[in-house]
Amino acid sequence: MKDNIKKTLKEISDKFGGKVEFEYQLSRCNTMKTGGSVFAVYMPQNFEEMIEAKRFLDSAGMKTGVIGRGSNVLMPDGYLDKVIFILNRGDFREIAFDGTKVFAGGGVWLEELIARSSKQGLSGLEGLVGIPATVGGAVITNAGYKDIISGNLIKINVIDEFYKKVEIDKKDIIFGYHCSSLGKDRIIISAEFQLTRCNEIDAKKKIETCFSEKIKKQPLNEKTLGCIFKNPEAHKFSAGELIELAGMKNKKCGDAIISNKHANFIVNAGSARSSDIVSLIEDVKGRVKKEFAVELEPEIEIW
Ligand SMILES: Cc1cc2nc3c(=O)[nH]c(=O)nc-3n(C[C@H](O)[C@H](O)[C@H](O)COP(=O)(O)OP(=O)(O)OC[C@H]3O[C@@H](n4cnc5c(N)ncnc54)[C@H](O)[C@@H]3O)c2cc1C
């Protein structure tokens, strides 16, 4: 059964020019650099290939998922019996400009989109600098720092649950704090943004200011998943402040450590396991609940 799945995936990838790798180390596809292995990762070249591979896997009863850069997903330590799609090739990495509009494939890295847009003298995305995301992952999670990805969004193209390429207008998506109504059944293959004309030098300055502010506060050069918890609603303290006030900074479990720079970040300081990170998360939740009667909610996804 598994050999047949491997054979057919190989045939589909050969036909379209995509790539498939079996028994793949999960630490290679997430920014925390933890996790065991997965049955396969599939890197399609275009949406026709994505549809053919997805349709086949669904009919074979094989579970599938999609990730961008894995900067918001904690992978399991064991074996994941799944095929993960990673949109890091071909059409999914395309960027195209039309006046003040920019079109980006779902697998485009935000830093590339921001740099290319500013070079064109287009502003609107600079405040997302320092977020190690793809366009697809950023839209699904409504990523934001000084700017928010949904702010300049016009529309997206997805592959829906019926294997059709469908356009979804921004007005038909509900965006909230680190979430959207897009759900798990649709794969974002591209997005279009409305930017505004600006001076290239001003855009570059905004990028630099925003990045230097972010790097002063956050451990951007470490292995992390960004903020672990959402900020509690209507509370005078952020999640990071509550964790720090609870005396949890530098707390360790194995090689996982609560960042000294920003208490809402857990750093993999060596060869941490995902289970070490989960233990720290539980520890933090317990302590913050005991000290402040606040129930912290994870911002990250645990697979
Ligand atoms: C150092 C650091 C700093 C960060 N700073 C910020 C910040 O300032 N603001 C912020 O909001 N976040 C921040 N994050 C968190 C993270 O980068 C964001 O949540 C980001 O949007 C995740 O993007 P990704 O492409 O890596 O998605 P992933 O983590 O790979 O996936 C996230 C979710 O999106 C789904 N997904 C991914 N791609 C697609 C697609 N094409 N179609 C459908 N579903 C898809 C996945 O299945 C998963 O459910 C930070 C993370 C790190 C490591």
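Every chain is numbered independently, its residues counted from 1 as its sequence is written. Where local features are concerned, this predicted model is filtered to residues with pLDDT of at least 70; where side-chain atom pairs are given and counted, the filter is 80 or more; whole-chain, interface and lining totals use all residues. The side-chain figures draw on all heavy atoms in the structure; neither hydrogens nor water molecules are used.

By convention here, the domain bounds are inherited from an automatic or database domain assignment. The assigned domain composition of the protein is domain 1 (2-90), domain 2 (94-217) and domain 3 (239-302). Two residues form a contact once any of their heavy atoms are found within 4.5 Å. Facing ten residues of domain 1, the contacting portion of domain 3 comprises twelve residues. As used here, buried area is the combined drop in accessible area, with a 1.4 Å probe, of two parts when they are placed together. In total, domain 1 and domain 3 occlude about 870 Å² of area from one another, counting both sides; carbon and sulfur atoms represent 53% of this. A pair is scored as a salt bridge if a Lys or Arg side-chain nitrogen falls within 4 Å of a carboxyl oxygen belonging to Asp or Glu. At the junction of domain 1 and domain 3, the tally comes to one salt bridge. Between Asp 77 and Arg 273 there is a salt bridge, with its nearest N and O atoms 3.7 Å apart. N or O atoms closer than or at 3.5 Å make up a polar contact, with two conditions inside protein: a donor-capable atom paired with an acceptor-capable one, and, for residues adjacent in sequence, both atoms drawn from side chains. Our enumeration of links across domain 1 and domain 3 arrives at eight residue pairs in polar contact (both at pLDDT 80 or more). Put simply, Ala, Val, Leu, Ile, Met, Phe, Trp, Tyr, Cys and Pro go in the nonpolar bin, Asp, Glu, Lys and Arg in the charged bin, and everything else, Gly too, in the polar bin. For the side of domain 1 that touches domain 3, the per-class residue count stands at five nonpolar, three polar and two charged.

So, on to the state of the cysteines. Should the sulfur atoms of two cysteines be covalently bonded, the bond is a disulfide. For this text, the term disulfide refers to a pair of cysteine sulfurs within 2.5 Å. Taken as a whole and judged by the stated rule, the model has zero disulfides. Free cysteine Cys 198: the closest other cysteine sulfur is in Cys 210, separated by 14 Å. Judged by relative accessible area, Cys 198 falls into the partly exposed class, the value being 26%. Cysteine Cys 210 is unpaired, with the sulfur of Cys 227 as its nearest cysteine sulfur at 14 Å. Exposed residues in this analysis have more than 50% of their type's maximum accessible area, buried residues have under 20%, and partly exposed residues fall in between, with area computed by a 1.4 Å probe over protein chains only.

Let us now look at the nonpolar core. Grouped together as the largest cluster of nonpolar side chains are 30 residues, with contacts concentrated most on Leu 110, Leu 113, Val 135, Val 139, Ile 156 and Phe 193. A run of H or I in DSSP counts as a helix once it spans at least four residues, and a run of E counts as a strand once it spans at least two, with each numbered from the N terminus. Counting only elements with at least two residues in this core, the list comes to β7 (101-105), α3 (110-119), α4 (135-141), β9 (153-159), β13 (187-194) and α5 (200-217). Ignoring any residue separated from it by four or fewer positions in sequence, one finds Val 135 in contact with Ala 104, Gly 105, Gly 106, Val 108, Leu 110, Leu 113, Ala 191 and Phe 193. Each nonpolar core is a collection of buried residues, namely Ala, Val, Leu, Ile, Met, Phe, Trp, Tyr and Cys, held together in the definition by side-chain atoms within 4.5 Å. Listed in part, the 23 residues of the second largest apolar core include Met 32, Ile 258, Ile 266 and Ile 281.

What follows is about the sheet that holds β13. Judged by pairing direction, the sheet is antiparallel, and its five strands sit side by side in the order β6-β7-β13-β9-β10 without closing on themselves. A strand with exactly one partner marks an edge of an open sheet, and here the two such strands are β6 (95-98) and β10 (165-169). Averaged over neighbouring strand pairs, the angle between their axes works out to 20° when direction is ignored. Strand pairing is defined by DSSP finding a minimum of two bridges between the two strands. Bridge analysis of β9 against β10 gives five bridges, and the strand direction is antiparallel. Residue pairing in the sheet places Lys 155 in a bridge with Asp 169 of β10. Inter-axis angles, ranging from 0 to 180 degrees, are taken between N-to-C directions of lines fitted to C-alpha atoms, where helices are fitted over the stretch in contact.

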